[in-house]
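Here are the chains, one letter per residue:
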Amino acid sequence: MGHLTGGYGAHPVIVDVALSAASGITALVGPNGAGKTTTLRLITGTLRPEQGDISYGGKSLIGLPPDAIVRLGVVLVPEGGGLFGTMAVEENLLMGAYLPAARSRRHENLAMVRTLFPRLQERRDVMARRLSGGEQQMLAIGRALMACPRLLILDEPSLGLAPAVVQQVAEAIRAIAAAGVPILLCEQNTALALHLAECVFVMERGRIVLEGTAEEIRRRPEVRDAYLGS
Ligand SMILES: Nc1ncnc2c1ncn2[C@@H]1O[C@H](COP(=O)(O)OP(=O)(O)OP(=O)(O)O)[C@@H](O)[C@H]1O
Ligand SMILES: [Mg+2]
(Lines give C-alpha, C1' and ligand atoms only; values in the text may rest on other atoms or scores of the structure.)
(Ligands and ions follow the chains in the order given, each with its own letter.)
Protein backbone atom coordinates (compact mmCIF):
# COMPACT_ATOMS: atom_id res chain seq x y z
CA MET A 1 0.00 0.00 0.00
CA GLY A 2 1.16 3.54 -0.62
CA HIS A 3 0.39 7.16 0.24
CA LEU A 4 -2.43 6.06 2.47
CA THR A 5 -4.31 8.76 4.33
CA GLY A 6 -7.46 8.25 6.36
CA GLY A 7 -9.14 8.32 9.75
CA TYR A 8 -12.41 8.92 11.49
CA GLY A 9 -13.43 12.50 10.84
CA ALA A 10 -12.08 15.79 9.61
CA HIS A 11 -8.56 15.07 10.79
CA PRO A 12 -6.85 12.06 9.27
CA VAL A 13 -5.24 9.71 11.78
CA ILE A 14 -3.07 8.07 9.15
CA VAL A 15 -0.97 10.28 6.89
CA ASP A 16 0.81 9.15 3.76
CA VAL A 17 1.57 5.66 4.99
CA ALA A 18 3.30 3.16 2.73
CA LEU A 19 4.11 -0.38 3.71
CA SER A 20 4.24 -3.84 2.24
CA ALA A 21 4.00 -7.35 3.63
CA ALA A 22 4.76 -9.73 0.82
CA SER A 23 6.38 -12.69 2.54
CA GLY A 24 7.51 -13.90 5.94
CA ILE A 25 6.68 -11.77 8.97
CA THR A 26 6.40 -7.99 8.69
CA ALA A 27 5.89 -5.96 11.85
CA LEU A 28 4.11 -2.65 12.33
CA VAL A 29 5.15 -1.28 15.71
CA GLY A 30 4.54 1.95 17.56
CA PRO A 31 3.16 3.34 20.79
CA ASN A 32 -0.40 3.49 21.99
CA GLY A 33 -2.57 5.56 19.67
CA ALA A 34 0.03 5.69 16.87
CA GLY A 35 -2.54 4.53 14.31
CA LYS A 36 -1.72 0.85 13.89
CA THR A 37 -5.28 -0.42 14.29
CA THR A 38 -6.58 2.39 12.08
CA THR A 39 -4.14 1.27 9.37
CA LEU A 40 -5.49 -2.28 9.66
CA ARG A 41 -9.08 -1.00 9.39
CA LEU A 42 -8.13 0.78 6.17
CA ILE A 43 -6.51 -2.37 4.77
CA THR A 44 -9.41 -4.66 5.69
CA GLY A 45 -12.14 -2.35 4.43
CA THR A 46 -13.90 -1.32 7.63
CA LEU A 47 -12.67 2.25 7.04
CA ARG A 48 -12.39 3.99 3.67
CA PRO A 49 -9.14 5.84 3.00
CA GLU A 50 -9.29 9.48 1.93
CA GLN A 51 -6.32 8.96 -0.36
CA GLY A 52 -3.82 6.36 -1.37
CA ASP A 53 -3.86 2.85 -2.65
CA ILE A 54 -3.93 -0.62 -1.16
CA SER A 55 -3.51 -3.70 -3.24
CA TYR A 56 -3.01 -7.37 -2.68
CA GLY A 57 -1.99 -9.94 -5.26
CA GLY A 58 -2.17 -7.26 -7.96
CA LYS A 59 -5.79 -6.31 -7.10
CA SER A 60 -6.83 -3.01 -5.59
CA LEU A 61 -8.71 -3.33 -2.30
CA ILE A 62 -9.99 0.23 -2.35
CA GLY A 63 -13.77 0.40 -2.12
CA LEU A 64 -14.22 -3.33 -1.63
CA PRO A 65 -16.45 -4.42 1.26
CA PRO A 66 -14.72 -6.32 4.10
CA ASP A 67 -16.01 -9.75 3.03
CA ALA A 68 -14.65 -9.30 -0.50
CA ILE A 69 -11.27 -8.50 1.01
CA VAL A 70 -11.43 -11.69 3.10
CA ARG A 71 -12.29 -13.57 -0.09
CA LEU A 72 -9.07 -12.29 -1.63
CA GLY A 73 -7.25 -13.87 1.30
CA VAL A 74 -6.58 -10.84 3.50
CA VAL A 75 -7.73 -11.95 6.95
CA LEU A 76 -7.55 -9.92 10.17
CA VAL A 77 -7.40 -11.21 13.74
CA PRO A 78 -8.67 -8.12 15.57
CA GLU A 79 -7.34 -6.98 18.92
CA GLY A 80 -8.96 -9.14 21.59
CA GLY A 81 -9.77 -11.82 19.03
CA GLY A 82 -13.37 -10.90 18.18
CA LEU A 83 -14.59 -14.36 19.16
CA PHE A 84 -18.20 -15.49 19.49
CA GLY A 85 -18.13 -15.80 23.29
CA THR A 86 -21.13 -18.07 23.77
CA MET A 87 -20.16 -20.43 20.98
CA ALA A 88 -17.93 -23.45 21.50
CA VAL A 89 -14.31 -23.56 20.35
CA GLU A 90 -15.09 -25.85 17.42
CA GLU A 91 -18.07 -23.72 16.34
CA ASN A 92 -15.88 -20.61 16.37
CA LEU A 93 -13.36 -22.38 14.16
CA LEU A 94 -16.02 -23.44 11.69
CA MET A 95 -17.34 -19.85 11.55
CA GLY A 96 -13.95 -18.94 10.12
CA ALA A 97 -14.69 -21.17 7.12
CA TYR A 98 -17.96 -19.52 6.10
CA LEU A 99 -16.85 -18.56 2.61
CA PRO A 100 -17.42 -21.28 -0.03
CA ALA A 101 -13.74 -21.72 -0.92
CA ALA A 102 -12.82 -22.09 2.74
CA ARG A 103 -15.79 -24.34 3.48
CA SER A 104 -14.64 -26.88 0.94
CA ARG A 105 -11.28 -27.05 2.70
CA ARG A 106 -12.55 -26.97 6.27
CA HIS A 107 -11.54 -30.54 7.17
CA GLU A 108 -7.89 -30.12 6.19
CA ASN A 109 -7.75 -26.66 7.74
CA LEU A 110 -9.28 -27.97 10.97
CA ALA A 111 -6.64 -30.69 11.08
CA MET A 112 -3.91 -28.09 10.54
CA VAL A 113 -5.28 -25.87 13.35
CA ARG A 114 -5.44 -28.87 15.69
CA THR A 115 -1.83 -29.71 14.97
CA LEU A 116 -0.78 -26.11 15.54
CA PHE A 117 -2.86 -25.68 18.72
CA PRO A 118 -3.44 -29.08 20.39
CA ARG A 119 -4.97 -27.20 23.33
CA LEU A 120 -7.91 -26.14 21.15
CA GLN A 121 -8.64 -29.77 20.38
CA GLU A 122 -8.77 -30.55 24.12
CA ARG A 123 -11.12 -27.58 24.65
CA ARG A 124 -13.23 -28.06 21.52
CA ASP A 125 -16.61 -28.14 23.31
CA VAL A 126 -15.89 -25.27 25.73
CA MET A 127 -17.53 -21.88 25.25
CA ALA A 128 -15.02 -19.34 23.90
CA ARG A 129 -15.59 -16.92 26.77
CA ARG A 130 -14.57 -19.58 29.28
CA LEU A 131 -11.10 -19.95 27.75
CA SER A 132 -7.97 -18.36 29.19
CA GLY A 133 -6.57 -15.28 27.44
CA GLY A 134 -3.92 -17.36 25.70
CA GLU A 135 -6.43 -19.96 24.53
CA GLN A 136 -8.68 -17.20 23.20
CA GLN A 137 -5.82 -15.73 21.17
CA MET A 138 -4.99 -19.19 19.80
CA LEU A 139 -8.64 -19.69 18.89
CA ALA A 140 -8.79 -16.31 17.17
CA ILE A 141 -5.70 -17.15 15.11
CA GLY A 142 -7.06 -20.63 14.41
CA ARG A 143 -10.36 -19.22 13.22
CA ALA A 144 -8.52 -16.88 10.84
CA LEU A 145 -6.57 -19.85 9.46
CA MET A 146 -9.88 -21.55 8.68
CA ALA A 147 -10.50 -18.75 6.15
CA CYS A 148 -7.48 -19.83 4.03
CA PRO A 149 -5.55 -16.57 4.45
CA ARG A 150 -2.97 -15.47 1.92
CA LEU A 151 -2.07 -12.58 4.20
CA LEU A 152 -2.75 -12.97 7.92
CA ILE A 153 -2.96 -9.72 9.88
CA LEU A 154 -2.62 -9.86 13.65
CA ASP A 155 -3.55 -6.88 15.87
CA GLU A 156 -1.72 -7.05 19.21
CA PRO A 157 -1.76 -10.84 19.62
CA SER A 158 0.41 -10.66 22.76
CA LEU A 159 -1.70 -8.08 24.59
CA GLY A 160 -2.50 -9.08 28.16
CA LEU A 161 -0.88 -12.51 27.96
CA ALA A 162 1.57 -13.98 30.47
CA PRO A 163 5.15 -14.27 29.17
CA ALA A 164 5.01 -18.07 28.81
CA VAL A 165 1.82 -17.79 26.78
CA VAL A 166 3.31 -15.03 24.63
CA GLN A 167 6.08 -17.51 23.80
CA GLN A 168 3.52 -20.12 22.65
CA VAL A 169 1.69 -17.60 20.49
CA ALA A 170 5.03 -16.43 19.06
CA GLU A 171 5.96 -20.00 18.12
CA ALA A 172 2.61 -20.43 16.40
CA ILE A 173 3.11 -17.20 14.45
CA ARG A 174 6.50 -18.46 13.32
CA ALA A 175 5.07 -21.82 12.29
CA ILE A 176 2.31 -20.20 10.24
CA ALA A 177 4.81 -18.00 8.42
CA ALA A 178 7.08 -21.00 7.86
CA ALA A 179 4.12 -22.79 6.27
CA GLY A 180 4.03 -20.03 3.66
CA VAL A 181 1.41 -17.58 4.93
CA PRO A 182 2.74 -13.99 4.98
CA ILE A 183 1.98 -12.21 8.26
CA LEU A 184 1.53 -8.55 9.13
CA LEU A 185 2.03 -8.30 12.88
CA CYS A 186 0.97 -5.16 14.76
CA GLU A 187 2.46 -4.93 18.19
CA GLN A 188 3.11 -2.51 21.02
CA ASN A 189 5.53 -5.18 22.26
CA THR A 190 8.44 -3.98 20.15
CA ALA A 191 10.91 -6.51 21.52
CA LEU A 192 8.63 -9.37 20.49
CA ALA A 193 7.95 -7.88 17.06
CA LEU A 194 11.67 -7.35 16.38
CA HIS A 195 12.33 -10.90 17.51
CA LEU A 196 9.78 -12.37 15.09
CA ALA A 197 9.80 -10.14 12.04
CA GLU A 198 12.24 -9.80 9.17
CA CYS A 199 10.91 -6.42 8.09
CA VAL A 200 9.78 -3.68 10.47
CA PHE A 201 7.84 -0.43 10.10
CA VAL A 202 7.72 1.99 13.03
CA MET A 203 4.64 4.22 13.24
CA GLU A 204 4.33 7.36 15.34
CA ARG A 205 1.43 9.80 15.28
CA GLY A 206 0.01 8.29 12.10
CA ARG A 207 3.21 8.28 10.07
CA ILE A 208 5.86 5.71 9.29
CA VAL A 209 8.97 7.20 10.88
CA LEU A 210 11.39 4.31 10.36
CA GLU A 211 11.54 1.16 8.29
CA GLY A 212 14.12 -1.53 7.74
CA THR A 213 15.12 -5.03 8.64
CA ALA A 214 14.64 -6.06 12.27
CA GLU A 215 18.41 -6.01 12.63
CA GLU A 216 18.64 -2.40 11.37
CA ILE A 217 15.74 -1.20 13.49
CA ARG A 218 17.13 -2.88 16.60
CA ARG A 219 20.39 -0.95 16.22
CA ARG A 220 18.75 2.48 15.92
CA PRO A 221 19.45 4.47 19.08
CA GLU A 222 16.01 6.14 19.05
CA VAL A 223 14.35 2.71 18.99
CA ARG A 224 16.51 1.43 21.82
CA ASP A 225 15.67 4.49 23.93
CA ALA A 226 11.97 4.70 23.19
CA TYR A 227 10.93 1.08 22.78
CA LEU A 228 13.47 -1.38 24.03
CA GLY A 229 14.53 0.34 27.23
CA SER A 230 18.21 -0.33 26.76
N1 LIG B 1 -13.37 4.91 16.25
C2 LIG B 1 -12.59 5.99 16.40
N3 LIG B 1 -13.08 7.24 16.26
C4 LIG B 1 -12.29 8.33 16.40
N5 LIG B 1 -10.98 8.28 16.69
C6 LIG B 1 -10.44 7.07 16.84
C7 LIG B 1 -11.19 5.85 16.71
N8 LIG B 1 -10.37 4.81 16.92
C9 LIG B 1 -9.15 5.33 17.16
N10 LIG B 1 -9.18 6.69 17.11
C11 LIG B 1 -8.03 7.59 17.31
O12 LIG B 1 -7.09 7.33 16.28
C13 LIG B 1 -5.77 7.39 16.78
C14 LIG B 1 -5.03 6.11 16.43
O15 LIG B 1 -5.64 5.03 17.11
P16 LIG B 1 -5.32 3.52 16.79
O17 LIG B 1 -6.28 2.70 17.56
O18 LIG B 1 -5.24 3.32 15.33
O19 LIG B 1 -3.86 3.37 17.41
P20 LIG B 1 -3.02 2.07 17.72
O21 LIG B 1 -1.65 2.34 17.20
O22 LIG B 1 -3.72 0.86 17.25
O23 LIG B 1 -2.96 2.10 19.31
P24 LIG B 1 -2.95 0.88 20.35
O25 LIG B 1 -1.52 0.44 20.43
O26 LIG B 1 -3.41 1.52 21.62
O27 LIG B 1 -3.85 -0.19 19.85
C28 LIG B 1 -5.88 7.67 18.28
O29 LIG B 1 -5.66 9.04 18.48
C30 LIG B 1 -7.30 7.29 18.59
O31 LIG B 1 -7.78 8.06 19.66
MG1 LIG C 1 -4.40 -0.83 18.15
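Residues numbered from 1 in each chain as written. Chains lettered and ligands numbered in written order. Predicted model: local features only at pLDDT ≥ 70, side-chain atom pairs only at ≥ 80, totals over all residues.

Let's talk about the sheet that holds strand 11 (residues 207-213)
In space, the six strands of this open sheet follow the order 7-8-9-3-10-11, with mixed pairing throughout. Pairing within the sheet leaves two strands with one partner each, and these edge strands are strand 7 (74-77) and strand 11. The average undirected angle you get between the axes of adjacent strands in this sheet is 15 degrees. Relative to strand 9 (residues 183-187), strand 3 (residues 25-29) is paired through five bridges, and the arrangement is parallel. Bridged to Leu 28 within strand 9 is Cys 186. (Pairing = 2+ DSSP bridges. Helix = DSSP H or I, 4+ residues; strand = E, 2+ residues; numbered from the N terminus. Axes fitted to C-alpha atoms, helices over the stretch in contact; angles between N-to-C directions.)

Side note on the site of ligand 1
Taken together, Tyr 8, Val 13, Gly 30, Asn 32, Gly 33, Ala 34, Gly 35, Lys 36, Thr 37, Thr 38 and Gln 188 make up the full set of residues near ligand 1. With three residues, the top contributor of residues to the shell around ligand 1 is helix 1 (residues 36-44). In terms of residue class, the shell around ligand 1 is built from three nonpolar, seven polar and one charged. (Near = placed C-beta within 6 Å. Nonpolar A, V, L, I, M, F, W, Y, C, P; charged D, E, K, R; others polar.)

What to know about the nonpolar core
Among the nonpolar cores identified, the biggest contains 68 residues, and Ile 153, Ile 183, Leu 185 and Val 200 are the most heavily contacted of them. Here this core gets six residues from one element, more than from any other, and that element is helix 7 (residues 133-145). Those residues in contact with Val 200, other than ones at most four positions away along the chain, are Ala 27, Val 29, Ala 193, Leu 194, Glu 211, Gly 212, Ala 214 and Ile 217. (Core = buried A, V, L, I, M, F, W, Y, C linked by C-beta atoms within 7 Å. Buried ≥ 20, exposed ≤ 12 C-beta atoms within 10 Å, placed from the backbone. Contact = placed C-beta atoms within 7 Å.)

A short note on the environment of Asn 92
Positionally, Asn 92 belongs in helix 3 (residues 89-95). The class for Asn 92 is buried, based on 25 C-beta atoms found within 10 Å. Each C-alpha atom of the pair Asn 92 and Arg 143 lies 6.5 Å from the other, and the pair is 51 residues apart in sequence. Apart from residues no more than four positions distant in its own chain, Asn 92 is found in contact with Leu 83, Phe 84, Met 87, Ala 128, Leu 139 and Arg 143.

Comments concerning helix 7
Look at helix 7: 19 Å from first C-alpha to last across 13 residues, which is about the 18 Å you get at 1.5 Å a residue. Burial analysis of helix 7 places eleven of its 13 residues in the buried class, the great majority of the element. Along helix 7, the residues classified as buried are Glu 135, Gln 136, Gln 137, Met 138, Leu 139, Ala 140, Ile 141, Gly 142, Arg 143, Ala 144 and Leu 145. Of the surrounding elements, those touching the buried residues of helix 7 are strand 7, helix 3, helix 5 (106-116), helix 6 (118-122), strand 8 (151-155) and helix 8 (163-178). (Expected span 1.5 Å × (residues − 1).)

Focus on the packing of helix 7 against helix 8
Taken N-terminus to C-terminus, the directions of helix 7 and helix 8 make an angle of 15 degrees; their axes are 10 Å apart at the nearest point. By the angle between their directions, the pair helix 7 and helix 8 is classed as roughly parallel. Note that helix 7 runs across helix 8; the crossing there is right-handed. Residue-level inspection shows Gly 134, Gln 137, Met 138 and Ile 141 of helix 7 in contact with helix 8, the latter providing Val 165, Gln 168, Val 169 and Ala 172. Per-class residue counts for the contact of helix 7 with helix 8 are five nonpolar, three polar and no charged. (Parallel < 35°, antiparallel > 145°, perpendicular 65-115°, else oblique. Left-handed = near helix turned anticlockwise from the far one by under 90°.)

Remarks on helix 8
For helix 8, built from 16 residues, the straight-helix expectation of 22 Å at 1.5 Å per residue is met to within 8% by its first-to-last C-alpha distance of 22 Å. Where helix 8 is concerned, the buried positions are Ile 173, Ile 176 and Ala 177. One side of helix 8 holds all its buried residues, which, seen down the axis, span an arc of 95 degrees. When the buried face of helix 8 is taken as reference, the exposed residues oriented beyond 90 degrees from it are Ala 164, Glu 171 and Ala 178. Against the buried residues of helix 8 lie strand 3, strand 8, strand 9 and helix 9 (190-196). (Arc of directions from axis to C-beta.)

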